[in-house]
Amino acid sequence: MKFYESGDSSKPVIFLFPGTCCLYSNFEHVLDGLHSYFYTITVSYDGFDPNEKTEFYSMEDECEKIEQEIKKKYCGRIKAVEGDKQ
């Protein structure tokens, strides 16, 4: 799993979750607008990122990794989440 971070890190953090079996790049068209208000973290699930050689095992496994990232880097606190329904 990879987390693509962008924007001004002093702004509130928003996590962006692509739809199941979708690429993180689905959010590229909205990032500039979001950067006015947020520091964006776009999640790239294992097995669906052409930049990585990883394998998807389960959504539970992916959620565990996301939870650990939020706890480790953001002290368990983020401002918002957004999911792509595709």
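Residues numbered from 1 in each chain as written. Predicted model: local features only at pLDDT ≥ 70, side-chain atom pairs only at ≥ 80, totals over all residues. Heavy atoms only, no water.

Draft legend 1. Structural view of the overall build of the chain. For the chain, the count of helices and strands is two helices and four strands. Along the chain, from the amino end to the carboxyl end, the secondary structure elements read β-β-α-β-α-β. Here the chain has a C-alpha radius of gyration of 12 Å; the compact-globule value for 86 residues is 12 Å, and the two agree. Judged by the C-alpha coordinates and their principal axes, the chain covers about 35 × 30 × 20 Å. (Helix = DSSP H or I, 4+ residues; strand = E, 2+ residues; numbered from the N terminus. Rg over C-alpha atoms; globule rule 2.2 N^0.38 Å.)

Draft legend 2. A look at the sheet that holds strand S3 (residues 39-44). A sheet is described by the order of its strands in space; here four strands give the open sequence S1-S3-S2-S4, paired in mixed fashion. Looking along the sheet, the strands with just one partner apiece sit at the ends: strand S1 (2-6) and strand S4 (80-83). On average, adjacent strands in this sheet sit at an angle of 20° to one another, irrespective of strand direction. Sheet analysis places strand S2 (residues 13-17) next to S4, joined by four bridges and oriented parallel. Residue pairing for S4: Leu16 is matched across the bridge by Glu82. (Pairing = 2+ DSSP bridges. Axes fitted to C-alpha atoms, helices over the stretch in contact; angles between N-to-C directions.)

Draft legend 3. View of the nonpolar core. Met1, Phe3, Val13, Phe15, Phe17, Tyr39, Ile41, Val43, Tyr45, Ile66, Ile70 and Tyr74 form the largest nonpolar core, which has 12 residues in total. Of all elements in the fold, only S2, S3 and helix H2 (59-74) reach the threshold of two or more residues within this core. Ile41 has contacts with Phe3, Tyr4, Glu5, Val13, Ile14, Phe15, Leu16 and Tyr74, leaving out every residue within four places of it along the chain. (Core = buried A, V, L, I, M, F, W, Y, C linked by side-chain atoms within 4.5 Å. Buried < 20%, exposed > 50% of the residue type's maximum accessible area, 1.4 Å probe, protein only. Contact = heavy atoms within 4.5 Å.)

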